[in-house]
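# Structural characterization, general
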Amino acid sequence: MKKLFLTALLLFGFAVVTAQAQQATTATGGTASGSGGTIAYSVGQVVYTTNTGSNGSVAQGVQQPYEIAIVLGVENPEISLTMQAYPNPTIDNLTLNVGNNELSNLNFQLIDLNGRVIENRIISNAIETIGMENLAAAVYFLKVTRSNTEIKIFKIIKK
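Residues numbered from 1 in each chain as written. Predicted model: local features only at pLDDT ≥ 70, side-chain atom pairs only at ≥ 80, totals over all residues. Heavy atoms only, no water.

### Here we look at the nonpolar core
Within the largest apolar cluster, 18 residues are counted, with the highest numbers of intra-cluster contacts made by L96, I130, M132, L142, V144, F154 and I156. Going through the elements one at a time, strand 6 (93–97), strand 7 (106–112), strand 10 (139–146) and strand 11 (149–157) are the ones with two or more residues in this core. Residue contacts for L142: discarding those within four places in its chain leaves A85, L94, L96, F108, Q109, L110, I130, K152, I153, F154 and I156. (Core = buried A, V, L, I, M, F, W, Y, C linked by side-chain atoms within 4.5 Å. Buried < 20%, exposed > 50% of the residue type's maximum accessible area, 1.4 Å probe, protein only. Helix = DSSP H or I, 4+ residues; strand = E, 2+ residues; numbered from the N terminus. Contact = heavy atoms within 4.5 Å.)

The following block contains the structure:
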């Protein structure tokens, strides 16, 4: 009887270790509905499938990026800067266009995801070119400041 119990316990332990269930640690989820129907979704799934039809396709379980134009920054009504950083994503050079704004005390920092400052430079021209050809493919932040006050932060994707 003891042998049978130990064998059953061993088989149960082996089954628990090798069992694979449908589970995922997800960041968020919800339900979206419209005139065409309803779909439940979750962000952070590991496995995905793609279904294609005549009206389009849906990739289930694929994390889709959600891009925000202004990542961070203090909205200050006294500062009316029109800036652009392009092309984004970039391969070799990034162009920072500060437009016709006053250049005094204006500088930028290129920062990696670990918070390390890659480049720190005073902005002396309305259009600055930032060389990124020697950087690894990753996400970077371009922080523009005036007199140590953050004006705008761009999220830059390096391919």
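Now, onward.
### Quick look at a nonpolar patch on the surface
A grouping of F5, L6, L9 and F12 is seen on the molecular surface, where their side chains present a nonpolar patch of about 470 Å² in accessible area. Tracing the backbone through its elements, the reader meets F12 in helix 1 (residues 2–18). Residue classification places F12 among the exposed positions, given a relative accessible area of 56%. (Patch = residues over 30% accessible without salt bridge, like charges linked within 9 Å, V, L, I, M, F, W, Y side chains within 5 Å. Areas by Shrake-Rupley, 256 points an atom, 1.4 Å probe, with all protein chains shown as cover. Salt bridge = Lys/Arg side-chain N within 4 Å of Asp/Glu carboxyl O.)

### Comments concerning unusual backbone geometry
Of note, the bond from Y86 into P87 is cis; its omega dihedral lies within 30 degrees of zero at -15°. Along the polypeptide, P87 turns up in the loop between strand 5 (84–86) and strand 6. The linkage connecting N88 with the following residue, P89, adopts the cis geometry, with an omega of 10°. Along the chain, P89 falls in the loop between strand 5 and strand 6. Phi is positive for N105, close to 60°, though the residue is something other than glycine. With relative accessibility at 56%, the residue N105 sits in the exposed group. The backbone phi angle of N148 is positive, close to 65°, even though this residue is not glycine. Here N148 shows up in the loop between strand 10 and strand 11.

### Side note on the sheet that holds strand 11
Reading across from one edge, 8-7-10-11 is the order of the 4 strands in this open sheet, with antiparallel pairing throughout. The open sheet has two free edges, formed respectively by strand 8 (117–122) and strand 11, since each of these has just one partner strand. Within this sheet the neighbouring strands show an average axis-to-axis angle of 15°, counted without direction. Where strand 10 meets strand 11, 8 bridges bridge the pair, whose relative direction is antiparallel. For K143, the partnering residue across the bridge sits in strand 11 and is I153. (Pairing = 2+ DSSP bridges. Axes fitted to C-alpha atoms, helices over the stretch in contact; angles between N-to-C directions.)

### Some words on the side chain of K158
You can see K158 is positioned in the segment after strand 11. For the buried residue K158, which engages in no salt bridge, the nearest side chain bearing the opposite charge is E133, 7.6 Å off. Reaching out from K158, the side chain makes a polar contact with the backbone oxygen of L135 at a distance of 3.3 Å. What K158 contacts, discounting residues up to four positions off in sequence, is T90, I91, M132, E133, L135, A136, A137, A138 and Y140. (Lys, Arg positive; Asp, Glu negative; His and termini not counted. Polar contact = N/O pair within 3.5 Å; in protein donor to acceptor, adjacent residues only side chain to side chain.)

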